[in-house]
Amino acid sequence: MEAVTTARERLERAALAPVTGTSRWYYAWVAFLLMVIAWGVYAYSRQLHDGLIVTGMRDRISWGLYITTFVFFIGISHAGTLISAILRVSQARWRTPITRMAEFITVVALCCGALFVIIDLGRPDRVLNVIIYGRWQSPIIWDVLAITTYLTASIAYLFLPMIPDLALFRDRLAGRVAGWRIRLYDLLSVRWQGTAAQWRYMGGAITTAMILIIPIAVSVHTVVSWIFAMTLREPWNSTIFGAFFVAGAIFSGIATLIVVMAVLRKVYHLEEYITEKHFVYLGYLMAAFALIMIYGNISEYLTTGYKMEEGAEFHFRQLFLEQFAGFYWFYLIGGLVVPGLLILLPWTRNIWGIVAAALLVDAAMWVERYFIVVAGFRVPLMPYKPSVYAPTWVELSVMAAGFALFALLITLFVKVFPILAVWEVAEDLETPELAPEAGRLPSGAAPEPAGGGSR
Amino acid sequence: MKYAVTALLLAVVVGTAMFAPGGTADASHATLKVMAPANLTAGDSVDIQAVLNSAHGGEAVPGATISFYMDGSFGGVEGKVLLGQAITDKDGVAHLSYLPRTAGEHQVHVEYLTPGEGEPEVATWSHDVSGAPHQFYQSTAGVQIPGLNVWLLMAVLAAVWAILLSVAVRVIAIAGAEPEPVAGAPASRSRATGDW
Amino acid sequence: MGRRGVLRLLGVGALGIAPLPILPSLLRSALSGKLVRSRGPVARTPDGRIRQWSMVIDLRRCDGCQSVGLPPQCTAACIEGHFGPEPMEWIQVFEGDLPGGGTQFIPTPCQQCQNPPCVNVCPVAATFSTPEGTVLIDQERCIGCRICMAACPYDRRFFNWGKAPVPPESLMADYSAEHQVPTRRGTVMKCDFCPDMMRDGVLPYCVQACPNNAIYYGDLEEDVASNGDEIIVVSRFLSENQAYRIKEDLGTKPRVYYIPGHGEAVGRDVFKKGRLPTRWPWVETVKGARTWKR
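From a predicted model like this one, the values you see are computed outputs, not experimental measurements.

Scoring rules and cut-offs
Residues numbered from 1 in each chain as written. Chains lettered and ligands numbered in written order. Predicted model: local features only at pLDDT ≥ 70, side-chain atom pairs only at ≥ 80, totals over all residues. Helix = DSSP H or I, 4+ residues; strand = E, 2+ residues; numbered from the N terminus. Buried ≥ 20, exposed ≤ 12 C-beta atoms within 10 Å, placed from the backbone. Contact = placed C-beta atoms within 7 Å. Nonpolar A, V, L, I, M, F, W, Y, C, P; charged D, E, K, R; others polar. Pairing = 2+ DSSP bridges. Axes fitted to C-alpha atoms, helices over the stretch in contact; angles between N-to-C directions. Domains from an automatic or database assignment. Parallel < 35°, antiparallel > 145°, perpendicular 65-115°, else oblique. Left-handed = near helix turned anticlockwise from the far one by under 90°. Core = buried A, V, L, I, M, F, W, Y, C linked by C-beta atoms within 7 Å.

Attention now moves to the overall build of chain B. When you go through chain B residue by residue, the secondary structure sums to three helices and nine strands. A burial count over chain B gives 21% of its 196 residues as buried. Within chain B, contacts between residues at least 6 apart in sequence are counted, and of these 56% link residues at least 24 apart.

Following this line, the structure appears as structure tokens:
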């Protein structure tokens, strides 16, 4: 009993630490991010003033960095769905320390992604037309509906399991932090007292949300892929876009989660709760999805290339041999094969190797969206010379600001909200299981089954 | 002198009679006749038959090109509109399919240009088209599959949002739940943060 | 009231979401009377049937204006009539390759599809099909998302990336979706088939300007078309001359038909390649004109 209470106290302290103490590095990091965002806001103001002519997009290649980044962010928003929902449905106990981060990445990524669509509009002053005059038959409207539904569901799904932890904050932090925060925790913990009835309500709500959010998430990236697949352009006129994009989204979501997890674990000393086991399990999932992505690539390019319809020949030449070859082979080798190897080979299957793999995957998935958009546009539709797309400083600045905003929101979240799902981790600790052992797996050992109780 | 004048007058009269215009055209080499109904309904296609016979002997002239014209105006241009050309068969009959679209009185001119002649032979077919105006041209785009439309999307969306709302309802229920009597500090703390 | 009561009440509220799809329509009728503004009445035949505008382009007569030694006149007239900004060529003369090495010139206006990919994907119905079968754009409603440009398989849509260089007189025109003057930054434009002119019985700029009378503009409902010189019966003209449409297999069902050829009717040799580049008259007159490449 004594040992468990101490473990619980350590857990609570770990969860409360980020909220109570702020280091200088934190302020420096936030200041840096704010500077990047400010520069991006200036770049966007130039775009509002002069029009989209300040970007590199033109009639022939009319989408570029903005839509690429939009698709990328919506893609990584699938982190929360996979980790929280799918692993919760399958009752994988090892998920408990990372569910909160995963859910928050989802919410932040959705907000940043939606922002990029609005940035890409030629007339952002008319964005309300989408609501007033929206057509149900348009893929853009499907995007709007799916993303708002997913955002609402994700916020609900972030908030619900956080209620007991917010109650913990409310109880523990009185007098230790600013008054507005206590009021915030008080409000958000909706008078949680831990009664049996409240546990029942919350449990029912979480169950409903976790089952509902999986088809919503699948539909989100499917309809995002359909803004391409509902057109008649040669590289996009494919029926597998929906499935391919969903697989890619989950893939990049896992990678982003690994990266964020590694950073937060390091900064806030969560090594006791986020262990190598978590990285390895997520790594296995990532490797599985890498294989699915390789399968998707083979499916798409073999069936198109075997027939070589008009336009396919041009696209293959530009994608595999000429203008976009660097991008494609980096994506295939650096983003699918190498991370797969890093995870599957025992010598690199450690935290460093897996985080490196995740960084490669994130970069490669952004590159993949880039050549899907730009190379897709570049295939000529009529007899004219193909154009070239070169992003300008405005697009690069706004994109950097978008990533900085993503990082900033996570940074701020960590300051205000509990970074670990305390009650879930505690429940995991308290359940009598095998004797706790050191967090590091001996190399070469097979990983334990998901229900294992080692920390 | 009197006889010469009479003969001249007679020649003029006979000559004029030979060239008199009428429903059929008399020329030195061929006569052209049109056979087609006089009353038509808009939207029903008819077969216009133009019969070409030689002037002497009246036998059929095969292999001749007959042109069918109407007068029309469109886009500020007025003039003859060529409805089509047809070649006479061994019976001297040229067929053209014609679909009247507009109600009212119309005329179709049938022309044959004898090789070597300067003036074409023209026959006119006047006809009356009746029938209320209705759109002839229908776009063939699209397939209607019953039930597969936006209402399905709306229904799915409404269902999802209703479920989300039920989740929100439970949150309110959490807030509204009556607190249990406090049994001692440690017990309630453990209940509040993890016992489920 | 108790938990159950609250739950029941909110359950009823859940049913209340179901009519939410109607909300946009309520907003629309509150804010404006009609769905799309700024176009004239439907064009009709004398006996009241709705006109079905179409074009037939006789490629046997199109030589890219090589014989007159000028840039393509259809494009030039359209630019002049609409104060078209550089680099927009709403009717663009492409030079396509023929088997054997020769080329043909293909004047390509908006194909006015009957299954238009652009109309299908527009989120706000800014581009729409009319009863006459044309596809128009309402620049007052376009949000500039450019998914229509991704969807058009004929490269016929143009975006106002910046403030387009147009002469000052264009700014005094009354805007109409049928005559897109003046331009609006941040919106999409394209050939509008000049329905405002045809309603008054005047042939469009490109039809009038062609020196070889290669472009016929017609009405499929009345089955007539004219190139400014003669009137033809469309159905027969198309069938007898092996008419085709561009990218027929995509299923867009365009209203623009082509008669195959390479300008032979006006004496062009099929191996004589090249046409003069299009010019926009006002770039010099508009101060600080900033144009872009397509």
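What follows is about the overall build of chain C. In terms of regular secondary structure, chain C is built from eight helices and eleven strands. Counting across all 294 residues of chain C, residues that qualify as buried make up 50%. Taking as baseline every contact in chain C between residues at least 6 positions apart, the subset at least 24 positions apart corresponds to 66%.

Attention now goes to the interface of chain C and chain A. Where interface size is given, it is often the accessible area lost as the parts come together that is meant. Contact with chain C, which involves 42 residues of that partner, is made by 35 residues of chain A. Sorting the residues of the side of chain C that touches chain A by element identifies helix 2 (23-31), strand 2 (92-97), helix 4 (117-121), helix 5 (147-151) and strand 6 (158-159) of chain C as the ones contributing at least two each. The residue inventory of the side of chain C that touches chain A, partitioned by class, reads 24 nonpolar, seven polar and eleven charged.

Residue and element names in this part refer to chain C. Helix 3 (residues 73-82) sits mainly inside the fold: seven of its ten residues count as buried. Taken residue by residue, helix 3 has Gln-73, Cys-74, Thr-75, Ala-76, Cys-78, Ile-79 and His-82 as its buried positions. If you follow the buried residues of helix 3, they end up packed against strand 2, strand 3 (103-108), helix 7 (205-209) and strand 8 (215-219). Just downstream of helix 3, Phe-83 is the residue with a positive phi angle, here 50 degrees.

Between chain C and chain B, the contact holds 36 residues from the first and 31 residues from the second. Sort the elements by how many residues they give to the side of chain C that touches chain B and helix 1 (residues 2-17) of chain C lands first, with six residues. For the side of chain C that touches chain B, a count of residues per class yields 17 nonpolar, nine polar and ten charged. Examined bridge by bridge, strand 6 (residues 77-87) of chain B and strand 10 (residues 231-233) of chain C share two bridges and lie parallel to one another. Pairing of Val-81 of chain B across the sheet is with Ile-231 of chain C, part of strand 10 of chain C.

As a further point, take the sheet that holds strand 6 of chain B. Strand order in the open sheet formed by ten strands is 3(B)-9(B)-8(B)-5(B)-6(B)-10(C)-9(C)-8(C)-1(C)-11(C), with mixed pairing between adjacent strands. Bordering the open sheet on either side are strand 3 (39-41) of chain B together with strand 11 (256-259) of chain C, each of which pairs with just one other strand. This sheet shows a mean twist of 30 degrees between the axes of neighbouring strands, independent of strand direction. Note: strand 9 (residues 224-226) of chain C against strand 10 of chain C, three bridges, orientation antiparallel. Within strand 10 of chain C, the position partnered with Val-224 of chain C by the bridge is Val-233 of chain C.

This next bit is on unusual backbone geometry. All names here are of chain C. Put simply, Glu-86 and Pro-87 share a cis peptide bond, and its omega is 5 degrees. Checked against the element boundaries, Pro-87 lands in the loop between helix 3 and strand 2. Of the consecutive residues Val-181 and Pro-182, the connecting peptide bond is found in the cis state with omega at -5 degrees. The phi dihedral of Asp-155 is positive, around 60 degrees, even though this residue is not glycine. Following the sequence through the fold, Asp-155 ends up in the loop between helix 5 and strand 6. You can call Asp-155 partly exposed: it has 18 C-beta atoms within 10 Å. In this model, Phe-193 sits at a positive phi of 65 degrees, which is unusual for a non-glycine residue.

Attention now goes to the pairing of strand 2 of chain C. Along any regular strand the residues' side chains alternate between the sheet's two faces. Residue and element names in this part refer to chain C. Pairing between strand 2 and strand 3: six bridges, direction antiparallel. When the bridges of strand 3 are listed, Val-93 appears paired with Pro-107. Connecting strand 2 to the next strand, strand 3, in antiparallel fashion are five residues, including Gly-100 with a positive phi near 100 degrees.

Once that is clear, we can look at the domain arrangement of chain B. For chain B, the domain assignment lists domain 1 (25-130) and domain 2 (147-176). Distance between the C-alpha centres of domain 1 of chain B and domain 2 of chain B: 70 Å.

Next up on the list: helix 17 (residues 422-430) of chain A. In terms of residue burial, helix 17 of chain A counts as a mostly covered element, since seven of its nine residues are buried. Along helix 17 of chain A, the residues classified as buried are Val-422, Trp-423, Glu-424, Val-425, Ala-426, Asp-428 and Leu-429 of chain A.

For the rest of this paragraph, the subject is the pairing of strand 9 (residues 121-130) of chain B. All names here are of chain B. As defined by bridge partners, strand 3 adjoins strand 9 across three bridges and the pair is classed as parallel. Across the sheet, Leu-40 pairs through a bridge with Val-129, a residue of strand 9. When strand 8 (residues 104-112) meets strand 9, the two strands line up antiparallel, connected through nine bridges. Within the sheet, the bridge partner assigned to Gly-104 lies in strand 9 and is Val-129.

Moving on, we get to the packing of helix 4 (residues 78-89) of chain A against helix 5 (residues 99-120) of chain A. Residue and element names in this part refer to chain A. The contact between helix 4 and helix 5 brings their axes to 6 Å, and the two run at 150 degrees. The angle between helix 4 and helix 5 places the two elements in the roughly antiparallel class. Seen along the crossing, helix 4 lies across helix 5 with a hand that is left-handed. Judged by residue contacts, Ala-79, Gly-80, Thr-81, Ile-83 and Ser-84 of helix 4 engage Thr-99, Ala-102, Glu-103, Ile-105 and Thr-106 from helix 5. Partitioning the contact of helix 4 with helix 5 into residue classes produces four nonpolar, five polar and one charged.

With that settled, consider the nonpolar core. In this structure, Ala-209, Phe-251, Ile-254, Leu-257 and Met-286 of chain A are the most contacted members of the largest nonpolar core, which totals 260 residues. Contacts of Phe-251 of chain A, omitting those with residues within four sequence positions, involve Met-286, Phe-289, Ala-290, Met-293, Val-361 and Met-365 of chain A.

What follows covers the packing of helix 8 (residues 163-172) of chain A against helix 9 (residues 179-188) of chain A. Residue and element names in this part refer to chain A. Between helix 8 and helix 9, the shortest axis-to-axis distance is 8 Å and the interhelical angle comes to 145 degrees. In this structure, the crossing between helix 8 and helix 9 has a hand that is left-handed. Contacts between helix 8 and helix 9 involve Leu-166, Phe-169 and Arg-170 from the former and Ile-182, Tyr-185, Asp-186 and Leu-188 from the latter. In terms of residue class, the contact of helix 8 with helix 9 is built from five nonpolar, no polar and two charged.

By the secondary structure assignment, Phe-251 of chain A is in helix 11 (residues 241-267). Through-space distance from the C-alpha of Phe-251 of chain A to that of Ala-287 of chain A is 8.7 Å; in sequence the pair is 36 residues apart.

Further remarks concern the environment of Met-286 of chain A. Following the sequence through the fold, Met-286 of chain A ends up in helix 12 (residues 276-307). Between the alpha carbons of Met-286 of chain A and Phe-228 of chain A there is a distance of 25 Å; along the sequence they are 58 residues apart.

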